[in-house]
Amino acid sequence: MKLEGKTRDKGARKKSRLPQNFRDVLQNLLAFSQRGYGQPDFLRATVETLLQYSGCDLLEVSLAQPAKGYRGAGFLDGQGSFQWEWHQSGPTNHHGRLFTGGGGGELDNLVASMLNGPAPVAAPSLTRSGSFWTGDAARPVLLREPGGNHLESRSVVLGGEYQSLALIPFTVADNRHAVLKFAGRQRELFEKDDIQFFEAVAEALGVALAHQEALWALRERVKELSCLYGVAKAMQNPSRSMEEVVGDVLRLLPPGWQYPGITEASIILDGRVQSTPHMSQALDVQSADILVDGLARGEVSVGYLEKKPQADEGPFLAEERSLLNAVAEALGVSLAHHAAQLALRERVKELTCLHAIAEAAQQPEITLGDLLWRVVQLLPAAWQYPEAASARLTLDERTYASPGFVSRPYSQVADIEVNGRVRGSVEVTYLVDKPELDEGPFLKEERHLIDEVARQVGLIVERREAAEEKDKLQQQLRHADRLATIGQLAAGAAHELNEPLGSILGFAQLAKGSHDLPVQAAKDLDKIVDAALHAREVIRKLMLFSRQMPARKTKFNLNSLVREGLFFMESRCAREGIEIVRELAENLPEISADPSQVHQVLVNLVVNAAQAMSGGGRLTIRTSREDGFVVLLVEDTGMGMSEEIKRQIFVPFFTTKEVGQGTGLGLSVVHGIVEAHGGSIRVESEVGKGSRFEVRLPAIGTEVEGQGE
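Residues numbered from 1 in each chain as written. Predicted model: local features only at pLDDT ≥ 70, side-chain atom pairs only at ≥ 80, totals over all residues. Heavy atoms only, no water.

Student: How should the sheet that holds strand β10 (residues 272–275) be read in this particular structure?
Tutor: Think of a sheet as strands paired side by side through backbone hydrogen bonds, with each pair either parallel or antiparallel. Spatial strand order, β10-β9-β12-β11: four strands in an open sheet with antiparallel pairing. In this open sheet, the two edge strands, each paired with only one partner strand, are β10 and β11 (284–292). Across this sheet, the average inter-strand angle for adjacent strands is 15°, counted without regard to direction. With seven bridges joining them, strand β9 (residues 263–269) and strand β12 (residues 295–304) adopt antiparallel strand pairing. Within β12, the residue paired with A265 across the bridge is V302. Each of β9 and β10 touches helix α6 (residues 242–252); the most contacted strand, β9, lies at about 160° to it. Contacts between helix α7 (residues 318–361) and the sheet are confined to β9, β11 and β12, with β11 contributing the most and set at about 30° to the helix. (Pairing = 2+ DSSP bridges. Helix = DSSP H or I, 4+ residues; strand = E, 2+ residues; numbered from the N terminus. Axes fitted to C-alpha atoms, helices over the stretch in contact; angles between N-to-C directions. Contact = heavy atoms within 4.5 Å.)

This is how it looks when you write it as structure tokens:
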């Protein structure tokens, strides 16, 4: 055999049994062992180098592991290119020996025997170191195998494609056995000193392989620990969302595996998938379930983009399985912890929001509108993503919303019910897209919160309206009591004044009939008569107000009375630039009332409206039927009234007119007439926009109409 750098001189062989290039081979082996190669890649580089130096056609390494065996073979193809094959064998055959596969049954059995102990070959085919070699595979080889209590000999022919064979046993750390096989197609390719060279190389290979395994194991362990440390660190920040944590873990996984350059990863959590860019193209994948409280919530997976030699679990190592399980377990713990923290944080936010609403509701000086606006301001901070949350509250067509609120497809809405009737709604939305959760992008706890907020708002409105209604009833009670007192006083005063006033009026009229009455005296008597008549009109109104004058009820249609009453008012309104708009309902039912008193109600309301529009305007008279009542509506576009004035307009003798322009009894008389007929009167007014008086009188045939009579 011709070795590169080796001389065939006998004197040179006596001086040194190892070829001069052994140092180069040894340096290459040590260099390969320090490059961080995995075992298949280390042996590939080693075999390729040895094949180059030895001049063989095939070089094979068989290695026995505690549970499995490995075989790597390197050879030159027909074009002279190096080819590499790596195989993993089962642990034992039926004889308890490792198979190496490939190259004929007897040769495989011989290699398997050498992996389990000394070669069962008789001398002279063995060296002192236990190596087997032959220059002619067709020549019989004598094997000695156990047979009962003694060794039995049998002759076998190894045969096969390769004529020259050398099987060199060596050991790796922990006394693991290995065999280095050199093969050549040429007969008698090896000499004895070649075998000694091979044995020295095999011994060096055992040391280099042990060194490589130690460095590789250390490097892999450092990678695993670095990965686990990074995962633990990513999970320690309570301010980060689970989505951000998963993103960090994805970036940490590939460097923790044996081939980081072709490693991809993915994490599925509650149906949401996050992965590195090319995970979908992975050829081999290993996965581990993410468990929370014993339930699978997802899985973490790692894959290779290229086919790699078989290891403990496909191309993956047992250590990588342990690492993947540890990462999955850490994710499960982090998910449970994150869920607990999130639930606690969200609960605190919910309680803070509800407490603030309750606190605001207890402040009586805050109006309902300001309170609802305060609720809208509190809502976004109580949701999971407050920076993107926006709220809107609607009550009785009045809307309170956060700045920039925009309705989006995914919103949480809850109805506001007041006394069993839906009066509005509370709505929360995210202005940007967020991940899917229990209800769109919202948590189920947020559904409970918005329902509770809507319920609380409903209760607040109910309590506020009940309080307002109570105040209103108390005001009405005080007003009624005041009116009753004034009515009694007015009735007594009217009776007491009627008699002397009649005498004054009668004697004044008699005096006017005297002859030769001075002109000035006649004028004075006219003034006395006018004043007495005015006083009598005031007394008549007082009698009406105090209900001392009985109503003479007849059936009539309100529309007819309105038309007749407006006929006498149109010319005055036209002179003052007031436009009269009639909106009289058809088929209006009749009412049972005193036409003269209802006419006085209409006239008083129209006169008040005209006086409120000194610069002209529009006067609307409208009739309608609602819930058993006939409604008369008088609306003007005049100066309107403040809340303070509106509260006193039905108080007798209260007036905003100049002295001598009114008695302050007009609306009091209207109020008395309407109530005497079993009806009601309501006023709405706004300063600068006008007033609206609504009179409701029972239609004939209704229960209310019967009560009014």
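Student: Can you help me understand the packing of helix α5 (residues 192–235) against α7 in this one?
Tutor: For any two helices packed against each other, one specifies the inter-axial angle together with the distance between the axes. As a packed pair, α5 and α7 sit with axes 11 Å apart at the nearest point and diverge in direction by 5°. Of the possible angle classes, the one that applies to α5 and α7 is roughly parallel. Taken together, the residues of α7 that come into contact with α5 (itself represented by E220, E224, C227, L228, V231 and M235) are E319, E320, L323, A326, V327, A330, L331 and S334. Taken together, the residues of the contact of α5 with α7 sort by class into nine nonpolar, one polar and four charged. (Parallel < 35°, antiparallel > 145°, perpendicular 65-115°, else oblique. Nonpolar A, V, L, I, M, F, W, Y, C, P; charged D, E, K, R; others polar.)

Student: Mind showing me how you'd approach the sheet that holds strand β18 (residues 578–583) here?
Tutor: Read across the open sheet, the five strands follow the order β18-β20-β21-β23-β22; overall the sheet is mixed. Each edge of the sheet is formed by a strand with only one pairing partner; in this case those strands are β18 and β22 (680–686). Ignoring which end each strand starts from, the neighbouring axes of this sheet average 15° apart. Note that β18 and strand β20 (residues 617–626) share six bridges and pair parallel. Directly across from I578, in β20, lies its bridge partner G617. Sitting on the sheet, helix α11 (residues 558–567) touches β18, β20 and β21 (629–636), and the angle it makes with β20 is about 165°.

Student: Is there a simple way to think about the nonpolar core in this case?
Tutor: The tendency in soluble globular proteins is for nonpolar side chains to be buried as a group. L558, L605, L619, I621, L632, F693 and V695 are the most contacted members of the largest nonpolar core, which has 40 residues in total. Considering every element that reaches this core, the biggest residue donor is helix α13 (residues 595–612), with eight residues. Aside from chain neighbours lying at most four places away, what touches L605 is V634, L667, V670, F693 and V695. In terms of nonpolar packing, the next biggest core, distinct from the first, is built from 38 residues, Y70, A178, V201 and L209 among them. (Core = buried A, V, L, I, M, F, W, Y, C linked by side-chain atoms within 4.5 Å. Buried < 20%, exposed > 50% of the residue type's maximum accessible area, 1.4 Å probe, protein only.)

Student: For this particular structure, what's the right way to read the environment of N587?
Tutor: Relative to the helices and strands, N587 is located in the loop between β18 and β19 (591–593). Judged by relative accessible area, N587 falls into the exposed class, the value being 77%. Expressed as a C-alpha distance, the spacing of N587 and N557, which sit 30 residues apart in the sequence, is 9.5 Å.

Student: Can you walk me through the packing of helix α2 (residues 22–33) against helix α3 (residues 39–54) in this structure?
Tutor: Viewed as axis vectors pointing N to C, α2 and α3 meet at an angle of 165°, and their least axial separation amounts to 9 Å. Classified by the angle between their axes, α2 and α3 sit roughly antiparallel to one another. Considering the relative orientation of α2 and α3, their crossing is right-handed. Between α2, through D24, V25, N28, L29, F32 and S33, and α3, the contact on the second element is made entirely by F42, A45, T46, T49, L50 and Y53. Taken together, the residues of the contact of α2 with α3 sort by class into seven nonpolar, four polar and one charged. (Left-handed = near helix turned anticlockwise from the far one by under 90°.)

Student: Can you help me understand a nonpolar patch on the surface in this one?
Tutor: On the surface, V406, L431 and V432 cluster together to form a nonpolar patch covering roughly 230 Å² of accessible area. Within the element layout of this structure, L431 appears in the loop between β16 (421–430) and α9 (444–512). (Patch = residues over 30% accessible without salt bridge, like charges linked within 9 Å, V, L, I, M, F, W, Y side chains within 5 Å. Areas by Shrake-Rupley, 256 points an atom, 1.4 Å probe, with all protein chains shown as cover. Salt bridge = Lys/Arg side-chain N within 4 Å of Asp/Glu carboxyl O.)

Student: Explain α13 to me, please; I cannot follow it from the model alone.
Tutor: Residues three or four positions apart in an α-helix share a direction because the helix packs 3.6 residues into each turn. Taking 1.5 Å per residue, 18 residues should reach 26 Å; α13 reaches 26 Å between its end C-alpha atoms and fits that length. Three or more residues of α13 are buried, namely Q597, V598, Q600, V601, L602, N604, L605, V606, V607, A609 and A610. (Expected span 1.5 Å × (residues − 1).)

Student: How do you make sense of unusual backbone geometry when you look at a structure like this?
Tutor: Working note: non-glycine residues mostly have negative phi, and peptide bonds are mostly trans. At E397, a residue that is not glycine, the phi angle is positive and equals roughly 70°. Note that E397 resides in the loop between β13 (389–395) and β14 (398–401). Given a relative accessible area of 78%, E397 falls into the exposed group. For N587, which is not glycine, the phi torsion reads 55° and is therefore positive.

Student: Sorry if this is basic, but what is going on with the confidence of the model for the protein here?
Tutor: It should be kept in mind that the predicted coordinates are not to be read in detail where pLDDT is low. Summing up the model confidence of the protein, the mean pLDDT is 82 and the portion of residues at 70 or higher is 86%. pLDDT under 50 marks residues 1–18. Its contacts with residues more than four places away, or in other chains, come to 28 contacts. With pLDDT under 50 throughout, residues 91–103 is counted as low confidence; its partners more than four residues away or in other chains account for 30 contacts. (pLDDT = per-residue confidence, 0-100.)

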